[in-house]
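Breakdown of the fold
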Amino acid sequence: MNFSARRVTLPTITPLFLQKRVIKVYNENETSRALEVPSDITARDVCQLFILKNHCIDDHSWTLYEHLPYIGIERTIEDHEPVIEVQSRWGMETESRLCFRKNYAKYEFFKKPLDFFPEHMVTVADDPNGIPNHSQLVQTFLSSSTCPEIHSYLYAKEQGKKSWKKVYFVLRRSGLYFSNKGTSKEPRHLQFFAEFSESDVYCLLAGRKMYGAPTDYGFCIKVFFFNVSSLQLVSNSLLTYLKC
């Protein structure tokens with residue numbers, strides 16, 4: 001037998017980043033379109049794809065949303081986020097959707113950052129002059145070593161209780177904290193609430209109706225990965241509008 005004449009054909013292995021996935025995206029008029037896309041496609045790529053297919057004018061306001069109607073929340077998917085990764089976190093029988101629609105405030109933070117931070121809510125460490133100007137504030141947020149401290153009251157309620165009360169919260173680079181003694185920021189009075197490396201922030205769509213919230217404006221911090229100790233901590237802490 002001539003072994004050199006034998007040829008063995010091995011199956012082609014497609015790298016994971018080249019494999020295709022199917023996504024379904026809803027337009028503003030409730031119509032939808034299913035598309036086969038690369039598994040590494042980002043939210044910005046999807047927006048550009050739908051701008052072309054729908055013959056839209058690209059005015060930099062088209063946005064991809066993650067819409068979770070069964071718990072009444074949604075969020076803007078950031079341009080760099082892999083869309084398939086977002087879908088992979090949904091349950092098998094939920095009504096979760098990807099929605100393609102306009103958000104005129106999508107990049108407003110970078111255009112007018114001072115509009116988002118009233119002077120009385122911002123403390124800039126080591127800055128004797130108080131809140132910085134436009135360019136300084138953006139650079140401060142983008143810096144890896146510094147971060148303005150944001151502080152304000154939020155309505156919150158304890159798990160298992162129906163009443164809401166005002167609680168003083170402090171947002172730092174290390175996470176979100178609440179004070180158990182008025183507006184005190186002393187370490188012994190600040191309780192850890194959440195960090196954002198493995199969390200996403202969602203807007204409430206019907207906070208009054210679904211959760212008895214005292215205002216029309218609320219947000220939810222949705223945690224995806226946590227260990228037993230952090231789960232216990234979150235379960236026993238004050239909750240801002242909604243715990244998922």
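Scoring rules and cut-offs
Residues numbered from 1 in each chain as written. Predicted model: local features only at pLDDT ≥ 70, side-chain atom pairs only at ≥ 80, totals over all residues. Heavy atoms only, no water. Core = buried A, V, L, I, M, F, W, Y, C linked by side-chain atoms within 4.5 Å. Buried < 20%, exposed > 50% of the residue type's maximum accessible area, 1.4 Å probe, protein only. Helix = DSSP H or I, 4+ residues; strand = E, 2+ residues; numbered from the N terminus. Pairing = 2+ DSSP bridges. Axes fitted to C-alpha atoms, helices over the stretch in contact; angles between N-to-C directions. Phe/Tyr/Trp six-rings, centres within 6.5 Å; stacked < 30°, edge-to-face > 60°. Lys NZ or Arg CZ within 6 Å of the ring centre and 35° of its normal.

By the naming in an unreviewed UniProt entry, the protein chain is Growth factor receptor bound protein 14, taken from Erpetoichthys calabaricus.

1. Topic: the nonpolar core
Of all hydrophobic cores here, the largest spans 26 residues; its most connected members are Ile23, Val25, Val46, Leu64, Val83 and Leu98. Counting residues per element, this core draws most heavily on helix 1 (residues 43-53), at five residues. Core analysis: the second largest hydrophobic core is formed by eight residues, Phe169, Phe193, Ala194 and Ile221 among them.

2. Thoughts on the sheet that holds strand 2 (residues 32-38)
The strand order across the open sheet built from seven strands is 2-1-5-3-4-11-12, with neighbouring strands paired in mixed fashion. The open sheet has two free edges, formed respectively by strand 2 and strand 12 (219-223), since each of these has just one partner strand. Sheet twist, expressed as the mean angle between neighbouring strand axes with direction ignored, is 40°. Direction of pairing for strand 3 (residues 62-68) relative to strand 4 (residues 73-76): antiparallel, over a ladder of four bridges. Bridging across to strand 4, His67 finds its partner in Glu74.

3. Considering the packing of aromatic side chains
Using the criterion set out here, one finds seven aromatic pairs in the structure. Taking the centre distance of 4.6 Å and the plane angle of 10° together, the rings of Trp62 and Phe100 count as stacked. Separated by 38 residues along the polypeptide, Trp62 in strand 3 and Phe100 in strand 5 (residues 97-102) bring together distant segments of the chain. Looking at Trp62, the relative accessible area reads 10%, which means it is buried. Consider the rings of Tyr177 and Phe192, whose centres lie 5.8 Å apart with planes at 75°: the pair is edge-to-face. Within this pair, whereas Tyr177 is found in strand 9 (residues 175-179), its partner Phe192 is found in strand 10 (residues 190-194), the two being separated by 15 residues in sequence. We classify Phe192 as partly exposed; its relative accessible area is 28%. Each member of the aromatic cluster is reached from another via a ring pair, and the members are Phe50, Trp62 and Phe100. Positioned above the aromatic ring of Tyr26, the side-chain terminus of Arg97 is 3.7 Å from the ring centre. In this structure, Arg101 is placed above the aromatic ring of Tyr65, and the distance from its NZ or CZ to the ring centre is 3.9 Å.

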